[in-house]
Amino acid sequence: EDIIYFVSDRPGGYGGRDIYRVVKLPNGEWSKALALPPPINTPNDEDAVFIHPSGNILYYSSNGPNSMGGFDIFMVQRDENGMWSKPMNIGFPFNSPSDDLFFTLAANGNQGMVSSNRKGGEGMFDIYALEISANNNNAFLNGQIINPKGKAIPEGSYIILKCLDCNDAAETILSPRMRDGVFVSKLEKCKNYELSYYYGAESRKHYTAKFKTNCETSYEEIIQKVLIDDDNKIIY
């Protein structure tokens, strides 16, 4: 009951909404509100703070430059000297190409909850509960279709992700977010994948890339960028 974290868009911050901290002074009064330093606060918006019961781990949402979607959930840790660690995106499946906010960790540490407007929900923002595994042996695809002039990607664009050596050799159809071309998917470790980009009413295949997930590392993010020109031709 000695520290309060809150979000404000008051003048003097680093961008839109920023995270602030006040502490209770020895005389019982509250200190001046100070914005947490960059790179926690960015020129974009930070929101939805949650402090871990330990008091030293802060979860929050940001739509800053390291977000895979709109708002993503990040985590920072404060050391014994009061210094904050570099923000870490907590990744898929907590984060998605949509907006993910108000992360809350259950008291037992085995379940997290988040409010998200991702596809497949019941309405606008829905509440999702996700189990937290002690074995963080995960990989995920973080992809984006980009027009360097900032134009919208073609209507009808989609991606087919195929695991070439999985037991079921399943194909997954991914729909990019139309305003910025972002798409994500969970991957299996130590597997070969093929990614194909299609667009237009005729579903014309336009680009194919192959990659393999690592067999050793416990956590891996595969980055796949598809750069297109105004005629929807692949630049790289």
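The residue count restarts for each chain, going from 1 along the sequence in the order it is written. pLDDT decides what is reported in this predicted model: residues at 70 or higher carry local features, side-chain atom pairs at 80 or more are listed and counted, and totals for whole chains, interfaces and linings draw on all residues regardless. To obtain the side-chain values, all non-hydrogen atoms of the structure were used and water was disregarded.

K.L.:
What is the right way to look at the environment of Glu131 in this model?
P.N.:
Mapped onto the elements, Glu131 comes out in strand S10 (residues 126-131). Spatially, the C-alpha atoms of Glu131 and Gly112 are 6.5 Å apart, while their sequence positions differ by 19 residues. Helix and strand definitions here come from DSSP, where helices need a minimum of 4 consecutive H or I residues and strands a minimum of 2 consecutive E residues; each element is numbered from the N-terminal end.

K.L.:
Looking at this structure, I do not really get the state of the cysteines. What am I missing?
P.N.:
A covalent bond between the sulfur atoms of two cysteines is referred to as a disulfide. Here, the term disulfide refers to a pair of cysteine sulfur atoms separated by no more than 2.5 Å. Going through the model one piece at a time under the given rule, you end up with 2 disulfides. Put simply, Cys163 and Cys166 are joined by a disulfide, and their sulfur atoms are 1.8 Å apart. Handedness here is read from the sign of the S-S torsion; for Cys163 and Cys166, about 85°, the answer is right-handed. Each member of the pair, Cys163 as well as Cys166, is classed as buried. Think of it in three bands: residues with accessible area under 20% of the maximum for their type are buried, residues over 50% are exposed, and the middle band is partly exposed, with areas taken using a 1.4 Å probe on protein chains only.

K.L.:
Explain the sheet that holds strand S2 (residues 18-23) to me, please; I cannot follow it from the model alone.
P.N.:
Strand pairs in the sheet, formed through backbone hydrogen bonds, run parallel or antiparallel to each other. At least two bridges found by DSSP between two strands is the condition for calling them paired. Ordered by their spatial adjacency, 3 strands build an open sheet running S1-S2-S3, and the pairing between neighbours is antiparallel. Taken across any chain shown, the strands that pair with only one partner, and hence form the sheet edges, are strand S1 (3-8) and strand S3 (34-35). Note: S2 against S3, 2 bridges, orientation antiparallel. Paired with Tyr20 across the strands is Ala35, a residue of S3.

K.L.:
Can you help me understand the packing of aromatic side chains in this one?
P.N.:
When we look at a pair of aromatic rings, we describe it by the centre distance and by the angle of the planes. Think of it this way: a Phe, Tyr or Trp ring, Trp meaning its six-membered ring, pairs with another when their centres are within 6.5 Å, and the plane angle makes it stacked under 30 degrees, edge-to-face over 60, tilted otherwise. Counted by the stated rule, this structure contains 8 aromatic pairs. Summarising the aromatic geometry, the rings of Phe50 and Tyr59 are spaced 6.3 Å apart at their centres and angled 40° between planes, so their arrangement reads as tilted. Take Phe50: its relative accessible area is 17%, and that puts it in the buried class. Judged by its relative accessible area of 10%, Tyr59 is buried. Among the aromatic side chains, those forming a connected cluster through ring pairs are Phe50, Tyr59, Phe94 and Phe103. In this structure, Arg10 packs its charged tip against the face of Tyr20, placed 5.1 Å from the ring centre. Over a ring means this: the NZ of a Lys or the CZ of an Arg is within 6 Å of the ring centre and within 35 degrees of the ring normal. One Lys or Arg, Arg118, reaches over the ring of Tyr128 and ends 5.0 Å from the middle of that ring.

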